Amino acid sequence: MSQNKDDLASSNKKTISLPISRVRLIMKSSPDVSSINQDALVLTTKATELFVQHLAVASFNNGSGKETNSLSYSDLANTAEETETLHFLTDILPKKILARDYLTSLEDFQEEDADF
């Protein structure tokens, strides 16, 4: 039984593309984490990989990259904003805005504040 469990764990590690050591480092950066079980580390790494894959596929399918066979930051940002289950990413993936557009909106905002 132990041999089958070890074989399963090693085969799971072979199917993971993300570096497990980096995921461990990120997990240990939390002050609430004192030790990390190897199985939890492998599962977290695989879940992260599947989430990133889902985000990329959804962004590609919803974005403008189909014609050019590419995925851009704006595709990711639009998907995060438009998909309810991914809306929590809008702070991490904000839509890009040109500096002049930002300055214009800032001036408009300050004018509205001055009116009150």
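One can find the structure itself at the top, above this paragraph.
Everything in this summary refers to the structure shown in the same document. The structure displayed is predicted, hence computed values, not measured ones.

Reading the values: rules and limits
Residues numbered from 1 in each chain as written. Predicted model: local features only at pLDDT ≥ 70, side-chain atom pairs only at ≥ 80, totals over all residues. Heavy atoms only, no water. Phe/Tyr/Trp six-rings, centres within 6.5 Å; stacked < 30°, edge-to-face > 60°. Lys NZ or Arg CZ within 6 Å of the ring centre and 35° of its normal. Helix = DSSP H or I, 4+ residues; strand = E, 2+ residues; numbered from the N terminus. Polar contact = N/O pair within 3.5 Å; in protein donor to acceptor, adjacent residues only side chain to side chain. Salt bridge = Lys/Arg side-chain N within 4 Å of Asp/Glu carboxyl O. Buried < 20%, exposed > 50% of the residue type's maximum accessible area, 1.4 Å probe, protein only.

A closer look at the packing of aromatic side chains
Okay, step 1: Applying the stated criterion across every chain, the model contains 1 aromatic pair.
Okay, step 2: Here lysine 96 stacks its cationic end above the ring of tyrosine 73, 4.9 Å away from the centre of that ring.

As for the environment of threonine 68
Okay, step 1: For threonine 68, the position within the fold is in helix 4 (residues 65–68).
Okay, step 2: Side-chain polar atoms of threonine 68 contact the side chain of serine 70, separated by 2.7 Å.

Quick word on the pattern of salt bridges
Okay, step 1: What the rule picks out here adds up to 2 salt bridges.
Okay, step 2: Where glutamate 49 meets lysine 46, a salt bridge forms, and the shortest distance between an N and an O atom there is 3.5 Å. Here glutamate 49 and its partner lysine 46 are both found in helix 3 (residues 38–62), 3 residues apart, which amounts to about one turn of the helix.
Okay, step 3: The class of glutamate 49 is buried, set by a relative accessible area of 14%.
Okay, step 4: Residue classification places lysine 46 among the partly exposed positions, given a relative accessible area of 26%.
Okay, step 5: Its salt-bridge partner being glutamate 81, residue lysine 95 comes within 3.6 Å of it at the nearest N-O pair. With lysine 95 in the loop between helix 5 (73–82) and helix 6 (99–115) and glutamate 81 in helix 5, the pair connects residues that are 14 residues apart, well separated along the chain.

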